[in-house]
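Coordinate inspection notes
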Amino acid sequence: MLHLPDPPLGDGVIALRPWTAADIDQVVEACADPATRRFIPIPDPYTRADAQTYVARTQRQWADGSKAAFAIVDADDAGRLLGAINVAVYESVGNSGYWVAPWARGRGVATRALRLVTQWAEHTLGLGVILLEIRPENLASMAVARAAGYHDAGQVDVNTATGKSGGRIFTRLISDR
């Protein structure tokens, strides 16, 4: 069973917290960005109803223990959305994903969030491996993965829902600590 981290995850620059209805407008704005839509399988156009569904789904996933989904926010302003990060849990394996809002890119937000979630997942959830599926043209996301201690494990087909196939798998093993 997943439980919210106590104390909440943060590093003084960013904080991770559960999604709330107050995030919906910022999610819509972030997901309207072509670069965001390019790498994650979301509706186009992305509507307020899509954001409402997303926030409600993250709350259900916390409750059923299938996924820990966090809003990445400014540590000094928990209402300012910077991005999203999650880890889906399957026994001792986690699968993580993240995106950063256009107004927060280039500030190390994703790397900081991935480090926090990885450490929490390894220590608190006892995961033996965490996987990332990254589109091969998403060089920024691959740089985030490497900076957070993940290793390129090879090619696999991903994101078939978007019509795009082929991606990179990055892994972080418990032994990589």
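Figured I'd write up the structure that's included with this text. (Residues numbered from 1 in each chain as written. Predicted model: local features only at pLDDT ≥ 70, side-chain atom pairs only at ≥ 80, totals over all residues. Heavy atoms only, no water.)

**Quick word on the packing of aromatic side chains**
Applying the stated criterion across every chain yields a total of five aromatic pairs. When the ring of W19 is compared with that of Y54, the centres are 5.3 Å apart and the planes differ by 75°; the resulting orientation is edge-to-face. Separated by 35 residues along the polypeptide, W19 in the loop between strand 1 (14-17) and helix 1 (24-31) and Y54 in helix 3 (residues 48-64) bring together distant segments of the chain. No difference in accessibility class separates W19 from Y54, as the two residues are buried. (Phe/Tyr/Trp six-rings, centres within 6.5 Å; stacked < 30°, edge-to-face > 60°. Helix = DSSP H or I, 4+ residues; strand = E, 2+ residues; numbered from the N terminus. Buried < 20%, exposed > 50% of the residue type's maximum accessible area, 1.4 Å probe, protein only.)

**Re the pattern of salt bridges**
For the coordinates displayed, the defined rule picks out nine salt bridges. Taking the shortest distance from any N to any O, the salt bridge between R17 and D23 comes out at 2.6 Å. Under the relative-accessibility criterion, R17 is labelled buried at 17%. According to the relative accessible area criterion, D23 is buried, its value standing at 1%. One continuous salt-bridge network, built from bridges that share partners, spans R146, D152 and R168. (Salt bridge = Lys/Arg side-chain N within 4 Å of Asp/Glu carboxyl O.)

**Comments concerning the environment of D11**
Along the chain, D11 turns up in the segment before strand 1. In sequence terms D11 and A75 are 64 residues apart; their C-alpha atoms lie 7.8 Å from each other. If we ignore the near neighbours within four places in the chain, the residues touching D11 are R112 and L116. In this structure the side chain of D11 is engaged in a polar contact, spanning 2.9 Å, whose partner is the backbone nitrogen of V13. One polar contact links the side chain of D11 to the main-chain amide nitrogen of I14, over a distance of 2.9 Å. (Contact = heavy atoms within 4.5 Å. Polar contact = N/O pair within 3.5 Å; in protein donor to acceptor, adjacent residues only side chain to side chain.)

**Regarding the nonpolar core**
In terms of nonpolar packing, the biggest core is built from 49 residues, with L16, W19, F70, I85, Y98, W99 and W120 touching the most fellow members. A total of eight residues in this core trace back to one element, the largest contributor, which is helix 4 (residues 109-123). Dropping the residues within four chain positions of it, Y98 is found in contact with A84, I85, A110, L114, L132, I134, S141, V144 and A145. (Core = buried A, V, L, I, M, F, W, Y, C linked by side-chain atoms within 4.5 Å.)

**Focus: the sheet that holds strand 6 (residues 151-156)**
Whether parallel or antiparallel, the strands of a sheet pair through hydrogen bonds between backbone atoms. With respect to topology, seven strands assemble into an open sheet ordered 1-2-3-4-5-7-6, the strand pairing being mixed. The sheet terminates laterally at strand 1 and strand 6, the two strands that pair on one side only. Between one strand and the next, the sheet's axes are offset by a mean angle of 30°, whatever the strand orientation. Two elements, strand 5 (residues 129-134) and strand 7 (residues 167-173), share six bridges in a ladder whose sense is antiparallel. Opposite I134, over in strand 7, you have R168 as the bridge partner. Packed on one face of the sheet, helix 1 meets strand 3 (77-90) and strand 4 (93-100) and runs near 75° to strand 3. (Pairing = 2+ DSSP bridges. Axes fitted to C-alpha atoms, helices over the stretch in contact; angles between N-to-C directions.)

**A few points about helix 1**
Taken residue by residue, helix 1 has I24, Q26, V27, A30 and C31 as its buried positions. Angular distribution of buried residues about the axis of helix 1 spans 160°; they occupy a single face of the element. The inward-facing, buried residues of helix 1 abut helix 2 (34-39), helix 3, strand 3 and strand 4. (Arc of directions from axis to C-beta.)

Any functional reading would require information that these geometric values do not contain.
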